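# Residue-level structural notes
Here is what each chain is made of, one letter per residue.
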Amino acid sequence: MCNIKIKNAGENDAYTLAYIHVNSWKAAYKYILRDEILDNLNIEKRKLYFDKVLKDKSETNVLAYKDNKAAGFMTFGKCRDDDKDSSLGEIWGIYLLPEFWRQGIGSELINWGVNTLYEQGYKKVCLWVLEENLRARNFYEKQGFIFDGTAKEIIIGKPVTELRYIKIKG
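What comes next concerns the included structure.

## Let's talk about the nonpolar core
Counting 49 residues, the largest nonpolar core has Leu33, Phe50, Ile91, Ile110, Leu127, Tyr140 and Phe145 as the members making the most contacts within it. Beyond its immediate chain neighbours, meaning those up to four positions away, Phe50 contacts Ala14, Leu17, Ala18, His21, Glu59, Asn61 and Phe73.

Okay, here's the thing in structure tokens:
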């Protein structure tokens, strides 16, 4: 692994998070979501969101750097699902710039997040992934996550299905 560092995002990292978020969505969802949805993604608007959450610390974001260049980030915390108890943590999102795909950075990030959630006392970790995002689903399965049978429909310009994956400590 080449020089990968993971650090907590601070208030000065809002633009970096927004840049990664917008550009990773445009690449990852190119054949899943409508072009007008992806074309309307805006770094400055996303920066406003990250300015807020970094300031009020309403979510945990960590950045991954490869050779001192921001490559991706992950958001995680307590599971947000009403049907789950407090023993479940959640990876809320993991995003990499496409030029950093398939270099082990996603694996480093997900392992770091899962281990951090375990250290915080969670016994299991879940995440949600678009059903059509086969690349991401394969990645999560290689990381030890399994589909738990739960699906939900959300609207991102059109109805899409999200699947819940879970990894159990041990």
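Here the narrative resumes.
## Digging into the pairing of strand β5 (residues 124–130)
Here β5 lies mainly inside the structure; 6 of its 7 residues are buried. Sheet topology places strand β4 (residues 88–96) next to β5; 4 bridges connect them, and they run parallel. Pairing of Leu88 across the sheet is with Lys124, part of β5. Crossover β4 to β5 through helix α4 (residues 105–119) is right-handed. Relative to strand β7 (residues 159–168), β5 runs antiparallel, the two being bridged by 7 bridges. The residue of β7 that forms the bridge with Lys124 is Ile168.

## A few points about the sheet that holds strand β2 (residues 60–66)
Read across the sheet, 7 strands follow the order β1-β2-β3-β4-β5-β7-β6 without closing on themselves; strand pairing throughout is mixed. A strand with exactly one partner marks an edge of an open sheet, and here the two such strands are β1 (4–8) and β6 (146–155). Pairwise comparison of adjacent strand axes, ignoring direction, gives a mean angle of 25° for this sheet. Summarising the sheet, strand β3 (residues 69–78) and β4 pair through 7 bridges and their orientation is antiparallel. Of the residues in β4, the one forming a bridge with Thr75 is Gly93. Along the sheet, helix α1 (residues 14–28) contacts β2, β3 and β4; its crossing angle with β3, the most-contacted strand, is approximately 90°.

## What about the pairing of β6?
Along any regular strand, the residues point their side chains to alternate faces of the sheet. Relative to β7, β6 runs antiparallel, the two being bridged by 7 bridges. Residue pairing for β7: Phe147 is matched across the bridge by Tyr165. Hairpin connection, β6 to β7: the antiparallel pair is bridged by 3 residues, and Gly157 has positive phi, about 80°.

## Details of the packing of aromatic side chains
For the coordinates displayed, the defined rule picks out 9 aromatic pairs. For the ring pair Tyr15 and Tyr19, a centre distance of 6.4 Å and an interplane angle of 25° mean the geometry is stacked. With Tyr15 and Tyr19 both in helix α1 and 4 residues apart, the pair spans about one turn of that helix. Classification of Tyr15 as partly exposed rests on a relative accessible area of 39%. Aromatic pair Phe50 and Phe73: ring centres 5.6 Å apart, planes at 85°, arrangement edge-to-face.

## Re the packing of α1 against helix α3 (residues 43–56)
Packing of α1 against α3 brings their axes to within 8 Å, and their N-to-C directions diverge by 130°. In this view, α1 runs oblique relative to α3, as classed from their interaxial angle. In this structure, α1 crosses over α3, and the sense of that crossing is right-handed. For the pair formed by α1 and α3, the contact residues are Ala14, Tyr15, Leu17, Ala18, Tyr19, His21, Val22 and Asn23 on the first element and Ile43, Glu44, Arg46, Lys47, Phe50, Asp51 and Leu54 on the second.

The rules we used
Residues numbered from 1 in each chain as written. Predicted model: local features only at pLDDT ≥ 70, side-chain atom pairs only at ≥ 80, totals over all residues. Heavy atoms only, no water. Core = buried A, V, L, I, M, F, W, Y, C linked by side-chain atoms within 4.5 Å. Buried < 20%, exposed > 50% of the residue type's maximum accessible area, 1.4 Å probe, protein only. Contact = heavy atoms within 4.5 Å. Helix = DSSP H or I, 4+ residues; strand = E, 2+ residues; numbered from the N terminus. Pairing = 2+ DSSP bridges. Right-handed = clockwise from strand over helix to strand, strands pointing away. Axes fitted to C-alpha atoms, helices over the stretch in contact; angles between N-to-C directions. Phe/Tyr/Trp six-rings, centres within 6.5 Å; stacked < 30°, edge-to-face > 60°. Parallel < 35°, antiparallel > 145°, perpendicular 65-115°, else oblique. Left-handed = near helix turned anticlockwise from the far one by under 90°.

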